[in-house]
Amino acid sequence: MALHLSARLSQSIRRTLCVQLELINKSPTYCTQTTSALLSPSNLDSNDTIESNPCLSKNIERHPRSEPVGSVFQTWMGDGFPVHRGHIFHAINRLRKLKLNKRALEVMEWVIRERPYKPRELDFSYLLEFTMKLHGISRGEKLFSCVPSEFRNKLLYNNLVIACLDTGAIRLSLEYMKKMRELGHPISHLIFNRLIILHSLPSRRKTIPKLLAQMRADKVVPHVSTYNILLKIEADEHNIDGLVRVFDDMKRSGVEPNEITYCILATSHAAARLYTVCETYVEAIKMSMMGDNWSTFDVLIILYGYLGKVKDLGHTWAVVRARPHVRSKCFLLAIEAFGRVGELSQAIEVWEEMKSTKELKSTDVFNSIISVYCKRGFLDKVCELVREMKSNGYRPNAITYRHLALGCLKAGMKEEFFRTLELGMKQKTVKKVTRSTPWLETTLSIVQLLADKGDVENAEKLFEELEKAKYSRHTFVYNSYLKAYVKAKMYRPDLLRRMILGGARPDAETYSLIKLIDQFKT
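Just so we're clear, the structure is a prediction, and the values are computed from it rather than from any experiment. (Residues numbered from 1 in each chain as written. Predicted model: local features only at pLDDT ≥ 70, side-chain atom pairs only at ≥ 80, totals over all residues. Heavy atoms only, no water.)

Caption draft 1: Spotlight on the nonpolar core. Ile 60, Phe 73, Ile 88, Val 107, Trp 317 and Ile 370 are the most contacted members of the largest nonpolar core, which has 123 residues in total. Leu 409, Ala 451, Ala 459 and Ile 517 belong to the second-largest nonpolar core, a separate cluster that totals 35 residues. (Core = buried A, V, L, I, M, F, W, Y, C linked by side-chain atoms within 4.5 Å. Buried < 20%, exposed > 50% of the residue type's maximum accessible area, 1.4 Å probe, protein only.)

This is the structure in structure tokens:
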């Protein structure tokens, strides 16, 4: 019974902790949410079941933002429907997912004020969460002190700390954690997850081992989500060795991997061109899938593109297409995946289907099919797409210009290549884009073409981008760069040292290239 209550409280304080995967077009996001846990039969009273039709949550979502939410409840009750706890929990989790924090706060304020049922700790927890999101920490602390003492327990304290961490107030969060230890309240693994995410920047990363040590000292059992976050940090650094170490620690701790774990492992090995290992993890993904998760299908489409599995890619895309509502993102991923496996006609077919069924809302929609054509040097088709893009009111961005630069170089149009590359570099680009796998792969393709021409100067400029993103940790990336010196018959003494210090492991090809470069020493 104690274990059941502990698990229930842990599920109740769960927040949306997103793990991003830098993949093909946009990074698919994997989120842990409370909806299924809160609405399970064990967590609701017998009279808290949710009416499938009509739906109070949908009424709240559709209600005009300018009008108070109380009128929705009045109409609902006026139609003879009671307001149960399950309705509120479902509505709150929907509003959180849609980032409608103001409306969520209005709902909870109405519940606490009108009391359609006896409020519990979770109701006050939701009220505290959205108060702090909208009105800041000081207002949240005042609210916390006004909550009845019987509800100021481990659940509310955990939510208070998480809300502080959401605003970046690490010191205040640590003070509340200290008070929780004094009061004997257990600390949730979700708090440590959030602390690890906040310390995932390179300048703060040395603190993570201390956080894990403190986690053990507080007798907090690491959750699978904790290890997924640690795996994602290593994956973002293109550190396969670190990735494997974390996964080994996970297995030693007896934590069972889930489909998110295997998705991170598979995509990381695919990006590192370790396809045999990737295939093993793809099989693990299929074995561990629980239900029809959009993000998992997105990852499988991407992975089958990397692995060149045309049949599996077609089957997965057919499963996705059979759904009643297919997201635009799925179309984009399918276009790029079919292009990667050489199925140009299929990629065009998906693009045409998307145009006929979806609104073309951004430049990124066009970038997917532009990338397919540019990788083959089909500039005539690309020019048509750019004109279509502009006619729809969108302008090329940095990603578009990077694809166009590759297409120009593939087509042997060197002057246009330099002009297009320069236009792209003048565009403002966020770090999330320049560190994404598709951007890095396109840049590497350009470096390889420049290396084949012996253009060391321009290959060096673009290789510096790969170094900053730590993509050069992959040996094949550095070897592509070394080929520029071989083709140019140019000597440079520090190449091997630079490679090792950058985190890459030299292989047989590396040493062969270095020997050739040494011959040009004068």
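Caption draft 2: How the structure looks around the pattern of salt bridges. The full count for this structure, using the stated rule, is 26 salt bridges. Two residues, Arg 194 and Asp 166, come together in a salt bridge whose shortest N-O distance is 3.0 Å. Here Arg 194, found in helix H11 (residues 189–198), pairs with Asp 166, found in helix H9 (residues 154–166); they are 28 residues apart in sequence, far enough to count as distant. The exposure class assigned to Arg 194 is buried, which follows from its relative accessible area of 17%. Between Lys 355 and Glu 388 there is a salt bridge; the shortest N-O distance is 3.1 Å. Here Glu 388 lies in helix H22 (residues 379–391) and Lys 355 lies in helix H20 (residues 344–357), a separation of 33 residues in the sequence. (Salt bridge = Lys/Arg side-chain N within 4 Å of Asp/Glu carboxyl O. Helix = DSSP H or I, 4+ residues; strand = E, 2+ residues; numbered from the N terminus.)

Caption draft 3: Geometry of helix H18 (residues 310–321). In a regular helix each residue adds 1.5 Å, so 12 residues correspond to 16 Å; H18 covers 16 Å between its end C-alpha atoms and thus fits that length. Among all positions of H18, only Leu 313, Thr 316, Trp 317 and Val 320 are buried. Each buried residue of H18 lies within a common arc of 100° when the element is viewed along its axis, so the set occupies one face. H18 presents Lys 311 and His 315 as exposed residues on the side facing more than 90 degrees away from its buried surface. (Expected span 1.5 Å × (residues − 1). Arc of directions from axis to C-beta.)

Caption draft 4: View of the confidence of the model for the chain. Summarising the model, the chain shows a mean pLDDT of 87, and 90% of its residues fall at 70 or more. Here strand S2 (residues 29–30) stands out as the element of the chain with the lowest mean pLDDT, 26, in contrast to helix H15 (residues 259–271), whose mean of 97 is the highest. Contacts for the low-pLDDT stretch residues 1–53, under 50 throughout, to residues beyond four places or in other chains number 138 contacts. (pLDDT = per-residue confidence, 0-100. Contact = heavy atoms within 4.5 Å.)

Caption draft 5: Quick peek at the packing of helix H26 (residues 437–452) against helix H27 (residues 456–468). It is at 9 Å that the axes of H26 and H27 come closest, and there the two elements cross at 155°. Comparing their axes, H27 and H26 come out roughly antiparallel. Crossing hand, H26 versus H27: left-handed. Counted together, Trp 439, Leu 440, Thr 443, Leu 444, Ile 446, Val 447 and Leu 450 of H26 and Asn 458, Ala 459, Leu 462, Phe 463, Glu 465 and Leu 466 of H27 form the full contact between these two elements. (Axes fitted to C-alpha atoms, helices over the stretch in contact; angles between N-to-C directions. Parallel < 35°, antiparallel > 145°, perpendicular 65-115°, else oblique. Left-handed = near helix turned anticlockwise from the far one by under 90°.)

Caption draft 6: Region of interest: unusual backbone geometry. Positive phi, normally seen in glycine, also occurs at Lys 99, with a value near 60°. Within the secondary structure layout, Lys 99 lies in the loop between helix H5 (85–97) and helix H6 (101–114). Judged by relative accessible area, Lys 99 falls into the exposed class, the value being 69%. At Lys 219, a residue that is not glycine, the phi angle is positive and equals roughly 60°. Mapping Lys 219 onto the fold places it in the loop between helix H12 (208–217) and helix H13 (224–236). Among the residues examined, Lys 219 registers a relative accessible area of 75% and is labelled exposed.

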